[in-house]
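Analysis of the macromolecular model
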Amino acid sequence: ATPTALLVGTGRGAQLGILIKGPEVLESTRRVDTVVLDKTGTVTTGRMALQDVYAADGTDEKELLRLAGALEHASEHPVARAVAAGAARRLGLDAGALPAPVDFANVPGNGVRGTVDGHVVLAGSERLLTDAHITGLDELAAAKKRAEAAGRTAVLVAWDGAARGLLTVADTVKDTSAEAVRRLRELGLRPVLLTGDNRAVAETVAQAVGIPPDAVYAEVLPCDKADVVRRLQDEGRVVAMVGDGVNDAAALATADLGLAMGTGTDAAIEAGDLTLVRGDLRVAADAIRLARRTLATIK
Ligand code: ADP
Ligand code: MG
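The rules behind the values
- Residues numbered from 1 in each chain as written.
- Chains lettered and ligands numbered in written order.
- Predicted model: local features only at pLDDT ≥ 70, side-chain atom pairs only at ≥ 80, totals over all residues.
- Helix = DSSP H or I, 4+ residues; strand = E, 2+ residues; numbered from the N terminus.
- Rg over C-alpha atoms; globule rule 2.2 N^0.38 Å.
- Buried ≥ 20, exposed ≤ 12 C-beta atoms within 10 Å, placed from the backbone.
- Contact = placed C-beta atoms within 7 Å.
- Domains from an automatic or database assignment.
- Nonpolar A, V, L, I, M, F, W, Y, C, P; charged D, E, K, R; others polar.
- Pairing = 2+ DSSP bridges.
- Axes fitted to C-alpha atoms, helices over the stretch in contact; angles between N-to-C directions.
- Right-handed = clockwise from strand over helix to strand, strands pointing away.
- Near = placed C-beta within 6 Å.
- pLDDT = per-residue confidence, 0-100.
- Arc of directions from axis to C-beta.
- Parallel < 35°, antiparallel > 145°, perpendicular 65-115°, else oblique.
- Left-handed = near helix turned anticlockwise from the far one by under 90°.

Observations regarding the overall build of the protein
Across its full length, the protein carries 13 helices and 13 strands. Here the C-alpha atoms of the protein give a radius of gyration of 21 Å, agreeing with the 19 Å that 2.2 N^0.38 yields for 299 residues. Counting only C-alpha atoms, the protein reaches 75 × 35 × 30 Å along its principal axes. Among the 299 residues that make up the protein, the fraction classed as buried is 49%. Sequence separation of 24 or more characterises 61% of the internal contacts of the protein that already satisfy a separation of 6 or more.

Printed below as a string of structure tokens:
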């Protein structure tokens with residue numbers, strides 16, 4: 001009877017838009033008590049758009065857009081795509097017409113660096129700029145604080161050693177996310193938010209979906225996301241992780257149950273035990289409920 005019950009479970013799963021790697025996956029969902037949610041692309045749509053442009057005193061706004069846009073055009077990061085596309089549009093150009101950076105480097109979880117038109121340009125988090133000993137950051141502090149309080153990610157821009165301005169990008173919380181968090185709680189699970197983004201932005205998103213600030217892990221580097229999962233496991237928790245990005249792959253593999261957004265990257269889907277085909281977070285709760293019920297049938 002066991003194999004039949006498992007097949008029924010996985011068949012129903014397919015109907016709901018859940019792909020299950022193997023029947024053994026159902027077993028590992030039984031004891032899950034904590035669900036770690038990646039922010040960008042999981043709780044939010046991940047489709048970001050450029051919003052505010054703030055040039056520091058003495059900086060030409062067009063130059064700010066051109067250098068930041070050119071640099072970010074070399075990156076695949078959702079923040080970078082938003083900056084490059086938005087900058088090009090505001091300059092009335094095609095993003096492909098922006099100069100190509102040389103000596104380009106991604107700094108995971110922090111931003112990008114490269115040389116554009118002979119200027120050494122940085123775009124990203126405050127940490128990226130302070131690590132590079134950039135001057136004039138104070139001048140951007142107020143604009144940064146305003147952006148983050150509004151839930152927007154601030155991209156700080158510097159070149160030739162000085163802070164030159166700030167661009168903000170906004171993401172949108174999926175309209176299914178608050179409902180999903182509610183359903184997870186109904187199943188007795190503790191939802192946790194995990195992100196590389198700034199704490200203020202993370203807490204704004206958390207509040208919108210009903211996750212308290214003490215369940216928010218923010219400013220976590222991509223290489224440290226799996227450690228957060230491990231730490232929760234060390235506290236005795238049985239952890240499900242839901243994510244979509246390359247950054248989430250290690251955490252998905254470390255978790256007792258990895259749920260990948262079907263709308264996400266191949267790396268996440270490969271690392272997960274389950275795939276939520278439509279990228280609807282509510283289905284994460286359905287998957288856990290289904291697995292519990294299926295196991296109850298077997299017993
Ligand atoms: P998440 O965990 O939300 O998927 P990441 O770990 O990839 O985010 O990035 C964390 C933060 O680092 C971003 O919110 C952003 O502030 C900054 N960042 C990363 N890459 C870039 C980039 N290419 N341009 C600007 N900022 C970036
Ligand atoms: Mg993500």
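Details of unusual backbone geometry
Of note, Asp103 is a non-glycine position whose phi angle comes to about 55°, a positive value. In this structure, Asp103 sits in strand β4 (residues 102-107). The phi torsion at Asp160 lies on the positive side, around 50°, for a residue other than glycine. Along the chain, Asp160 turns up in the loop between β7 (153-159) and β8 (162-170).

Looking at the domain arrangement of the protein
The assigned domain composition of the protein is domain 1 (2-45 + 173-298) and domain 2 (49-170). Of the residues lining the interface, 10 residues belong to domain 1; the matching set on domain 2 comes to 8 residues. It is helix α9 (residues 199-209) that contributes the most residues to the side of domain 1 that touches domain 2, 4 residues altogether. For the side of domain 1 that touches domain 2, the per-class residue count stands at 5 nonpolar, 4 polar and 1 charged.

Some thoughts on the sheet that holds strand β13 (residues 274-276)
Sheet strands pair via backbone hydrogen bonds, and the direction of the pair is either parallel or antiparallel. Here we have 7 strands laid out as an open sheet, ordered β1-β13-β12-β11-β2-β9-β10, and mixed in their pairing. Each edge of the open sheet carries a strand with a single partner, namely β1 (18-20) and β10 (216-217). In the sheet, strand β2 (residues 34-38) pairs with strand β9 (residues 190-194) via 5 bridges, with the strands oriented parallel. The residue bridging Val35 from the neighbouring strand is Pro191, located in β9. Strands in contact with helix α10 (residues 225-234) are β2, β9, β10 and β11 (239-243); relative to β11, the strand with the most contacts, it is inclined by about 160°.

Brief notes about the pairing of β9
Across the 5 residues of β9, 4 count as buried, placing the element largely inside the fold. Note that β9 and β10 share 2 bridges and pair parallel. Paired with Leu193 across the strands is Val216, a residue of β10. Handedness of the crossover is the feature at issue here: the chain leaves β9, passes through α9, returns alongside β10, and the resulting connection is right-handed.

With respect to the site of ligand 1
The full set close to ligand 1 counts 22 residues, and Thr40, His77, Ala80, Gly196 and Asp197 are the nearest of them. Where the shell around ligand 1 is concerned, the elements lending two or more residues are α3 (39-43), α5 (78-91), β5 (111-116), β6 (119-124) and β7. Looking at the shell around ligand 1 residue by residue, the class counts come to 6 nonpolar, 13 polar and 3 charged. A domain-level breakdown of the shell around ligand 1 finds at least three residues from each of domain 1 (2-45 + 173-298) and domain 2 (49-170).

Things to note about the confidence of the model for the protein
A low pLDDT means the predicted coordinates there should not be read in detail. The pLDDT averaged across the protein works out to 92; a share of 95% of its residues lies at or above 70. pLDDT under 50 marks residues 1-8. Its contacts with residues more than four places away, or in other chains, come to 7 contacts. Confidence metrics for the complex model read pTM 0.86 and ipTM 0.94.

Re the sheet that holds strand β3 (residues 49-55)
The strand order across the open sheet formed by 6 strands is β3-β8-β7-β6-β5-β4, and the pairing between neighbours is antiparallel. The open sheet is flanked by β3 and β4, the only strands paired with a single partner. Across the sheet, the axes of successive neighbouring strands diverge by a mean angle of 20°, strand direction being ignored. The pairing of β4 with β5 spans 4 bridges and is classified as antiparallel.

Overview of the environment of Val112
Looking at the element boundaries, Val112 is found in strand β5. Among residues more than four places away in sequence, those in contact with Val112 are Leu71, Glu72, Ser75, Ala80, Ala105, Asn106, Val107, Ala123 and Gly124.

Regarding helix α8 (residues 177-186)
Listed in full, the buried residues belonging to α8 are Ser177, Ala180, Val181, Arg183 and Leu184. Looking straight down α8, one finds its buried side chains confined to an arc of 160°; they lie on one side.

Some details on the packing of helix α4 (residues 61-72) against α5
Two quantities define a packed helix pair, namely the angle between the axes and the distance from one axis to the other. Look at α4 against α5: their axes get within 8 Å of each other, and the N-to-C directions meet at 140°. Comparing the axis directions of α4 and α5 gives the class oblique. Relative to α5, α4 is oriented so that their crossing is left-handed. Where α4 approaches α5, its residues Lys62, Leu65, Arg66, Ala68, Gly69 and Glu72 are matched on the opposing element by Ala80, Val83, Ala84, Ala87, Ala88, Arg90 and Leu91. Each residue belonging to the contact of α4 with α5 can be placed in one class, and the counts come to 8 nonpolar, 1 polar and 4 charged.

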